[in-house]
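So you can see what is in the structure, the chains are spelled out below.
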Amino acid sequence: MKTAAIDRILERYRGDSSALIAILQDVQEEFHYIPEEVAIRITEELDVPLSRVYSLTTFFKAFSLTPRARYPINVCLGTACHVKGAPRILEKLERDLGIKTGQTTPDRTFGLEAVRCVGCCGLAPVVTVGEDLYGQVEPAQLSRILKKYKEAGSKS
Amino acid sequence: MGKTSKTVQINMDNQRLEVHRGLTILQAAESNGIYIPTLCAHQDLSPFGGCRMCIVEVEGMRGFPTACTTPVEEGMVIRTKTSQVQAERKEILQLILSEHTSSCLVCDEKVECKEFMGTIRKAGVTTGCRYCPNDDQCELQDVVDYLELDEIGYPVYYRGLRVEKEDPFYDRDYNLCILCGRCIRVCQEVRAANTLAFKQRGRFTVIGPAFDRTHMEAGCEFCGACVSVCPTGALSEKARKWEGKPDREQITTCALCGVGCQMRLLIKGEKIIGSLPAQDPVVNSGQLCVKGRFCVTELVNHHRRLRKPQRHQNGTEVELSWNEAIEAAAAELSVCAPKQFGMLISPNCSNEDLYIAQKFARVAMGSPNIDSSTRTFYGHGFSAYLDLFRQSAPLADLEKSSDILCVGLDARFGRSVVGVALRKAMKRGARIVTINPRPHNLALMADIWLKPILGAEAGLLRSLVKMTERKNSTSRTRAKGQGRGLTQDLLTVAEMLKNAHSPAILVGSEFLQHDKSWQIFELVGRLAQNVGARILPLPAQNNLLGSILMGTYPEILPGGFSSADEKKARQFKKSWSVNLAQFSTGWNASALSTGPRLKVLYLIGENLPGFDQLADFTIYQNIYSPDSPTVDALVLPSAAFTEADGTFINGEGRIQRVRKAVNPPGDALPDWEILCRIARKMGKKGFDFSSAGQIHREISRSVMNLGRFHRPKRKPVPLTWQGRVNVSRPKPSGKVKDGKQIPFLLHASSAEHVYRGFLLTAFVEGARQIFPQDMVDINPKDAQKKGISQGDAVVVSCERFQETWTANIVDEQPPRTLHVTLHQSASLGANPHRVKVKKKDV
Ligand code: SF4
Ligand code: SF4
Ligand code: SF4
Ligand code: FES
Ligand code: FES
């Protein structure tokens with residue numbers, strides 16, 4: 001499965017080594033991380049050294065070498081959100097998901113991170129899940145939000 | 001105007017300077033003797049601009065540009081040392097040092113400690129603190145001194161990283177690293193090995209290979225280039241860690257293979273403490289391989305070095321003075337008939353040693369019996385291999401080659417300087433093809449890897465030869481016995497070589513001990529003729545050509561003349577007044593164990609297993625003590641290549657100077673000197689030499705022009721010698737009767753990491769990690785069937801031998817075959833061997 005997917009990605013760029021970052025982005029999207037064997041495959045196809053691929057993947061936060069959650073949850077702990085009760089939201093999420101901040105659920109559906117100001121303080125407190133943003137979140141809303149993603153996750 | 005001139009006028013520190021356009025401010029300053037402190041810039045590397053130590057003021061430019069990245073421009077006004085610049089630099093340096101263990105930089109006792117070592121301790125200490133292996137040789141210390149920094153105004157953050165010691169040859173303490181990126185740039189730009197890169201970012205940034213691999217796993221060649229350019233003590237050579245600063249240097253030629261790299265020996269007192277590449281444009285362009293860079297020190301300083309002449313007799317060893325030893329040798333030799341004498345000399349010796357050795361045998365002993373163990377090393381392919389040199393070209397020609405075929409070459413450890421040249425050629429657009437049945441470091445980078453089926457290597461080359469013959473059109477020739485994919489590749493390669501405007505063929509060592517080696521080399525020669533390629537054979541022995549041209553074989557006289565050439569033979573007899581009926585009587589090294597027993601066997605730099613059983617009396621002359629106690633021998637201590645003057649002839653035919661860097665240990669002497677003394681004691685004429693230079697002059701006068709001793713010829717000598725060594729070809733091994741499957745086919749190769757008959761692994765700790773010892777390669781499926789796992793002891797046996805080796809499971813090892821590298825593969829007999837394999841019972 002991995003081979004077919006990586007073939008597709010590489011085909012898109014036709015062995016163009018200047019597209020390395022774009023390729024890594026696609027791989028990250030596909031697998032939610034950069035698997036070692038895929039990194040090795042890329043070096044062979046593009047004729048770039050493995051050390052370079054590794055250097056890039058560890059430099060950019062967008063890439064990860066360990067499987068990342070499908071839906072990363074970011075709880076804002078910036079000043080505005082903090083004042084509006086973000087710590088309680090984080091606590092509740094930790095309890096609901098059974099993980100600590102910085103960890104990923106065993107099924108890799110959710111990951112939990114605390115971040116500083118995401119730039120929409122008017123909506124505080126703010127939580128993002130994957131690409132979606134939720135403003136003025138009440139702790140009570142959280143289980144409904146999580147459920148939505150759990151279902152979406154189990155369908156695909 | 002319109003035309004841009006080649007130079008620009010600038011003003012630097014109130015001096016008007018005219019400098020080349022395109023230089024950086026730093027280069028302009030350096031070429032005019034103006035010092036600008038730097039940490040990340042390096043003359044051989046691309047500018048990086050990371051450390052900001054080189055900041056300067058330029059009128060009209062905002063802020064402080066870095067001198068190492070800013071090109072000079074017409075009319076620039078630059079100030080390199082204003083008080084503001086210095087203050088900024090100091091600030092930046094403190095920031096750098098806040099993440100660097102700096103006891104040796106800003107210690108209160110720094111000055112006094114260096115001079116008087118007066119720091120109060122509980123115990124009496126006379127050495128002073130040594131926190132960093134780079135102490136006294138550190139560029140960071142230089143910059144601290146220059147900026148007169150004596151304290152660090154920032155909270156010090158110690159990274160607490162583990163010191164990485166798992167790899168051979170050098171340790172890595174990234175707590176001392178200032179992230180200048182020099183190691184990465186040299187590994188990528190100069191070596192093109194691409195082992196290293198920056199990892200992570202911000203304050204977590206570290207240097208290393210991908211995926212936390214060790215350097216060994218990441219394909220590092222242990223060339224040491226990164227260690228050499230590191231400005232701090234972050235990278236340090238294990239063997240030289242606490243040796244401190246050398247007090248002098250000597251430029252010489254590496255004796256560990258036929259490339260003949262130019263090296264700088266670092267000397268402290270009477271000890272060699274390191275070896276670094278010399279800036280030499282013709283042979284190795286400032287690079288060395290792991291052997292030259294990291295093995296020399298341990299090799300020449302080892303405690304097994306012989307220091308005094310000894311007499312070994314039935315397990316007892318008695319030390320002798322030189323006078324006693326020379327007398328003992330002369331006494332034995334004076335009563336030895338020419339026919340009962342035999343001498344072997346290693347091709348690691350200098351031309352001067354080799355010349356005197358053959359003269360000793362032929363003139364002093366009147367015996368034709370002189371040979372070298374190279375004969376057994378190369379076996380039946382020797383003659384064909386030597387013939388390749390007749391079509392050879394200098395290494396520098398790789399630069400001009402458009403298409404390069406590598407035959408059985410691996411350039412990861414030995415010969416990595418050639419690997420560097422290959423990668424450079426590739427960057428330039430040259431195409432690389434490699435022929436090798438086994439995994440090797442060129443496999444990944446080559447455009448095409450022709451991987452012959454085992455036993456069909458010669459067939460593959462024969463197909464290539466046929467395909468490239470003019471009269472044949474490529475497409476109609478079929479490659480026999482090769483898979484279909486391979487045939488396609490062969491056609492591509494044949495086309496490529498035929499159309500190449502400047503093809504080259506490099507010959508490595510994979511096939512040297514092959515059962516069809518002579519065919520393989522003949523075919524390589526024919527292929528080269530078909531396509532007009534130059535051949536670059538890369539011999540394992542540093543002075544193989546010297547041994548041919550100095551004539552240390554029964555078939556070959558000095559100058560490379562055939563000893564069967566009556567006219568030449570007569571000339572020699574006359575000029576040396578030799579009393580010798582025939583030069584070649586059929587005796588050679590392979591007759592040692594089978595032919596009539598000798599009375600005296602004289603070994604110079606040779607170490608044969610059980611050598612003391614081969615003759616009544618042995619003179620063993622070498623740098624290390626024999627491997628096992630000997631029954632009856634005179635043991636004489638020789639000088640290593642770092643301890644004697646002389647010349648070598650490398651694989652290109654280039655005459656290279658070897659220079660004495662230190663005195664030999666104890667009473668050891670150069671080989672030629674020992675030989676001359678014995679000959680004089682025996683009352684023989686023609687051995688009155690008191691320096692290698694005198695011998696060199698005699699060779700140049702009476703044999704062949706080697707140029708002046710102190711300034712050898714620049715151009716390689718022509719490799720058109722006439723003599724040929726006679727080798728017997730093995731009888732074709734009979735076909736196995738059908739129905740009877742051969743259990744396993746074993747191929748044994750001979751180790752190349754050898755100096756004067758000894759394996760480097762016996763003397764150099766790191767070498768044991770890179771050169772596998774007694775490891776037998778086996779295919780994973782076969783291993784599984786036999787219940788063998790990686791690292792298991794396995795017994796490999798046939799009617800003639802039974803050996804226990806360690807299993808090494810290799811994906812690419814063809815099924816039902818085994819491969820092993822031994823010290824002397826000939827000890828098993830001729831390749832291949834039909835053997836049985838089983839896991840050793842415990
Ligand atoms: S030793 Fe050579 S190959 Fe290895 S990391 Fe250093 S520069 Fe690169
Ligand atoms: S290890 Fe040495 S050369 Fe490499 S970045 Fe650190 S200080 Fe510079
Ligand atoms: S390539 Fe050969 S000559 Fe050069 S350093 Fe290595 S062993 Fe010595
Ligand atoms: S503090 Fe949370 S969005 Fe700004
Ligand atoms: S030497 Fe110029 S920035 Fe480091």
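In the block above lies the structure referred to throughout.
Counting restarts for each chain: residues are numbered from 1 in the order of the written sequence. For this description, chains carry letters from A and ligands carry numbers from 1, given in the order in which they are written. With pLDDT at 70 or above as the cut-off, local features in this predicted model cover only qualifying residues; side-chain atom pairs require 80 or more to be listed or tallied, and sums for whole chains, interfaces and linings still use all residues. To obtain the side-chain values, all non-hydrogen atoms of the structure were included, while hydrogens and water were left out.

Novice: Help me understand the overall build of chain A, please; the structure alone is not making it clear to me.
Specialist: Each helix and strand in chain A was counted, giving seven helices and four strands. Listed by position from the N terminus, the elements making up chain A come as α-α-α-α-β-α-α-β-β-β-α. Think of it in three bands: with a 1.4 Å probe and only protein chains considered, a residue is buried below 20% of the maximum accessible area for its type, exposed above 50%, and partly exposed in between. Evaluated residue by residue, chain A yields a buried proportion of 43% over its 156 residues. Across chain A, every contact between residues at least 6 apart in sequence was considered, and the portion connecting residues at least 24 apart equals 58%. Carbon and sulfur atoms form 50% of the exposed surface of chain A, whose accessible area is close to 8800 Å². Secondary structure follows DSSP: runs of H or I at least 4 residues long count as helices, runs of E at least 2 residues long count as strands, and numbering of each begins at the N terminus. The contact criterion used throughout is that any non-hydrogen atoms of two residues lie within 4.5 Å. The Shrake-Rupley method, run with a 1.4 Å probe, gives the accessible areas here. Residue values count only the displayed protein chains as cover.

Novice: I'm lost on the sheet that holds strand β12 (residues 310-313) of chain B in this one. Help?
Specialist: Think of a sheet as strands paired side by side through backbone hydrogen bonds, with each pair either parallel or antiparallel. All names here are of chain B. One open sheet accounts for seven strands, arranged β13-β12-β25-β24-β23-β14-β15; its pairing is mixed. Whereas interior strands pair on both sides, the edge strands pair on one side only; in this sheet they are β13 (316-319) and β15 (370-371). Note: β12 against β13, four bridges, orientation antiparallel. Its bridge partner being in β13, H312 is matched across the sheet by E317. Relative to strand β25 (residues 632-637), helix α9 (residues 322-334) is tilted by about 135°, and along the sheet it contacts β13, β14 (341-345), β23 (598-604), β24 (615-622) and β25. Comment: axis = line fitted to C-alpha atoms, over the contacting stretch for helices; angle = value between 0 and 180 degrees taken between N-to-C directions. The sheet strands contacting helix α20 (residues 671-681) are β14, β23, β24 and β25, and the helix crosses β23 at an angle near 145°. The pairing criterion is simple: DSSP has to find at least two bridges between the two strands.

Novice: Looking at this structure, I do not really get the site of ligand 2. What am I missing?
Specialist: Note on definitions. A residue lies near a molecule or strand when any single heavy atom of the residue is within 4 Å of it. Taken together, 14 residues lie near ligand 2, and C177(B), C180(B), G181(B), C183(B) and C230(B) sit nearest. Residue composition of the shell around ligand 2, by class: 11 nonpolar, two polar and one charged. Gly counts as polar in this scheme, as do all residues outside two lists: the nonpolar Ala, Val, Leu, Ile, Met, Phe, Trp, Tyr, Cys and Pro, and the charged Asp, Glu, Lys and Arg.

Novice: In this structure, what is going on with the packing of helix α1 (residues 2-13) of chain A against helix α3 (residues 36-46) of chain A? I would like to understand it.
Specialist: Any two packed helices are characterised by the angle at which their axes cross and by the distance between the axes. Residues and elements named next belong to chain A. Where α1 meets α3, the closest approach of the two axes is 11 Å, and the angle between their N-to-C directions is 40°. One finds that α1 runs oblique with respect to α3. The two elements α1 and α3 meet at a crossing, and its hand is right-handed. Counting all contacts with α1, which are made through K2, T3, I6, D7 and L10, the residues of α3 involved are E37, V38, R41, I42, E45 and L46. Roughly parallel here means an angle under 35 degrees, roughly antiparallel means over 145, roughly perpendicular means 65 to 115, and every remaining angle is called oblique. Two helices crossing with the near one rotated counterclockwise from the far one by less than a right angle form a left-handed crossing, whereas a clockwise rotation gives a right-handed crossing.

Novice: Where do I start with the sheet that holds strand β3 (residues 127-129) of chain A in this structure?
Specialist: All names here are of chain A. On the basis of which strands lie adjacent, the open sheet formed by four strands has the order β2-β1-β3-β4 and mixed pairing. Every interior strand has two partners, whereas the edge strands, β2 (110-115) and β4 (132-134), have only one. Sheet twist, expressed as the average angle between the axes of neighbouring strands with direction ignored, equals 20°. Contacts between helix α6 (residues 86-97) and the sheet are confined to β1 (71-76), β2 and β3, with β1 contributing the most and set at about 150° to the helix.

Novice: Help me out: how do you make sense of helix α5 (residues 139-147) of chain B in this one?
Specialist: An α-helical turn contains 3.6 residues, so any two residues separated by three or four positions project in the same direction. Residues and elements named next belong to chain B. Listed as buried for α5 are L140, Q141, V143, V144 and L147. Projected down its long axis, α5 shows its buried positions confined to an angular sector of 165°, all on one face. Following α5 by one or two positions, E148 adopts a phi angle in the positive range, close to 50°. The directions considered for the arc run from the helix axis to the C-beta atoms.

Novice: Just checking my understanding: could you explain the pairing of strand β26 (residues 646-649) of chain B for this structure?
Specialist: On a regular strand, each side chain points to the face opposite its neighbour's, so the side chains alternate between the two faces of the sheet. All names here are of chain B. Neither face of β26 is open: one carries G646 and F648, the other T647 and I649, and all of them are buried. Relative to strand β27 (residues 655-658), β26 is paired through four bridges, and the arrangement is antiparallel. Bridging from a neighbouring strand, I649 pairs with I655 of β27.

Novice: What is the right way to read the pattern of salt bridges from this model?
Specialist: Opposite charge on two side chains allows them to pair when their charged atoms are near. Residue and element names in this part refer to chain B. Here, a salt bridge means any Lys or Arg side-chain nitrogen found within 4 Å of an Asp or Glu carboxyl oxygen. Scanning the model with the defined rule gives 45 salt bridges over all chains in all. Its salt-bridge partner being D167, residue R172 comes within 2.9 Å of it at the nearest N-O pair. Just as R172 is buried, D167 falls in that class too. Of the charged contacts, one joins D387 and R390 as a salt bridge, the two residues approaching to 3.0 Å between their closest N and O atoms.

Novice: Help me out: how do you make sense of helix α19 (residues 566-576) of chain B in this one?
Specialist: Residues and elements named next belong to chain B. Within the span of α19, buried status applies to A569, F572 and W576. Viewed along the axis of α19, the buried residues span an arc of 60°, placing them on a single side of the element. Across α19 from its buried face, at more than 90 degrees, point the exposed residues E566, K567, R570, K574 and S575. If you follow the buried residues of α19, they end up packed against α10 (351-364), β21 (556-557) and β22 (561-562). Positive backbone phi, approximately 40°, marks S577, located one or two places after α19.

Novice: Hey, could you run me through the nonpolar core in this one?
Specialist: As a rule of thumb, soluble globular proteins bury nonpolar side chains together. Residue and element names in this part refer to chain B. Take the buried residues of types Ala, Val, Leu, Ile, Met, Phe, Trp, Tyr and Cys, join any two whose side-chain atoms come within 4.5 Å, and each joined set is a nonpolar core. In this structure, L93 and L506 are the most contacted members of the largest nonpolar core, which totals 114 residues. Among the elements that make up this core, the one with the highest residue count is helix α8 (residues 290-301) (six residues). Sequence-distant contacts of L93, defined by excluding residues within four places in its chain, comprise L39, M53, L140, V143, V144, L147 and L149. With 108 residues, the next largest nonpolar core counts W322, M365, I505 and F687 among its residues.

Note that all results are geometric; they support no functional claim without further evidence.
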